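# Coordinates in review
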Amino acid sequence: RIDRLPAGEKILLQRGSVMGRTFFAGALDRLSPEYDEDELEDMLDDLLLRDFITRQERSTITGETAYRFKNVLIREVAYAGLAKASRAAYHQRFAAWLGEKAGEELLEIRAYHLDQAVALLTELDGAAPPELVTEAAASLTRSGKRALAQEANRTARRQLARAAELEPTLERRFEAAQAAWRLGDQLSLAGLLYA
């Protein structure tokens, strides 16, 4: 069904898939500068009529219209249709949009998208640009510290360990070890302390 869509609608579906199961009209506008606002609205209406997406009644970002993929498989197929380089670029641009629109409110989601961009570029080129790695590590660190403060220790350990992996500093390794200690994860703790 996705392959039979008009080119514009297929592109929007793929770009929306980068954001996750739920995506935002404003972010699509940022990721699709080649279309004006009216064109975007018409294509989204077409995707609604074709039953690919639904409009969310409430949005996690104030003032933004949110849409949701009708089925998780539609989202997965649309995402798989993007080249890795495109995925990385869209993850990075969506993270920038999130930072502008939601600030620290959706920090965890922003950190995830920056990390995805780093991982994809590392797969493609052997390394991501240093400034992107620094930004991802900083976001993961802030997100991990927030999770640790909320006693979401598994999430904190994962995010802080990833931040320490991207940009190893003594402070990051200590924070990741602290999260591992709270979980009683002796193997991770030893690896972080003696790395």
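Up top you'll find the structure we're talking about.
Now for a quick tour of the structure. Please read these numbers as outputs of a predicted model, since none were measured by experiment. (Residues numbered from 1 in each chain as written. Predicted model: local features only at pLDDT ≥ 70, side-chain atom pairs only at ≥ 80, totals over all residues. Heavy atoms only, no water.)

As a further point, take the sheet that holds strand β2 (residues 53–55). As summarised here, the arrangement of the 3 strands in space is β1-β3-β2, forming an open sheet in which the pairing is antiparallel. For this open sheet the edge positions go to β1 (22–24) and β2, each flanked by a neighbour on one side alone. Pairs of neighbouring strands in the sheet enclose a mean axial angle of 35°, with direction left out of account. Helix α1 (residues 7–19) contacts β1, β2 and β3 (66–69) of the sheet and is inclined by roughly 115° relative to β1. (Pairing = 2+ DSSP bridges. Helix = DSSP H or I, 4+ residues; strand = E, 2+ residues; numbered from the N terminus. Axes fitted to C-alpha atoms, helices over the stretch in contact; angles between N-to-C directions. Contact = heavy atoms within 4.5 Å.)

Inspection of the secondary structure assignment puts I109 in helix α6 (residues 107–125). For I109, a relative accessible area of 39% corresponds to the partly exposed category. When the C-alpha atoms of I109 and E64 are compared, they prove to be 16 Å apart, with 45 residues separating the residues in sequence. Once you skip the residues sitting within four places of it in the chain, I109 turns out to touch F94 and L98. (Buried < 20%, exposed > 50% of the residue type's maximum accessible area, 1.4 Å probe, protein only.)

This brings us to the packing of aromatic side chains. Aromatic ring pairs are described here by two measures, namely the spacing of the ring centres and the angle between the planes. The full count for this structure, using the stated rule, is 4 aromatic pairs. On the numbers, 5.7 Å between centres and 20° between planes, the contact of F23 with Y67 is stacked. Separated by 44 residues along the polypeptide, F23 in strand β1 and Y67 in strand β3 bring together distant segments of the chain. Centroid distance F94 to W97: 5.9 Å. Interplanar angle 15°. Geometry classified as stacked. One end of the pair is F94 and the other is W97, both in helix α5 (residues 84–102) and 3 residues apart, which spans about a single turn. Cluster of aromatic residues (ring-pair linked, three or more members): F23, Y67 and F69. For R1, the ring lying beneath its charged end belongs to F52, and the centroid distance is 4.2 Å. (Phe/Tyr/Trp six-rings, centres within 6.5 Å; stacked < 30°, edge-to-face > 60°. Lys NZ or Arg CZ within 6 Å of the ring centre and 35° of its normal.)

So, on to the pairing of β3. Two strands pair when backbone bridges link them, and β1 and β3 are joined in this way by 3 bridges, in the antiparallel orientation. Looking across to β3, one finds that T22 is bridged to R68. With 3 bridges joining them, β2 and β3 adopt antiparallel strand pairing. Bridge pairing in β3 places I53 opposite F69.

What follows deals with the packing of α6 against helix α7 (residues 130–149). The relative placement of two packed helices comes down to the angle between their axes together with the axis-to-axis distance. Between α6 and α7, the least distance of the axes is 8 Å, while the angle of their chain directions is 145°. Crossing geometry of α6 relative to α7 is assigned as left-handed. Contacts from L107, E108, R110, A111, L114, D115, A117, V118 and L121 in α6 reach L132, V133, E135, A136, S139, L140, R142, S143 and R146 in α7. Considering only residue class, the contact of α6 with α7 consists of 10 nonpolar, 2 polar and 6 charged. (Left-handed = near helix turned anticlockwise from the far one by under 90°. Nonpolar A, V, L, I, M, F, W, Y, C, P; charged D, E, K, R; others polar.)

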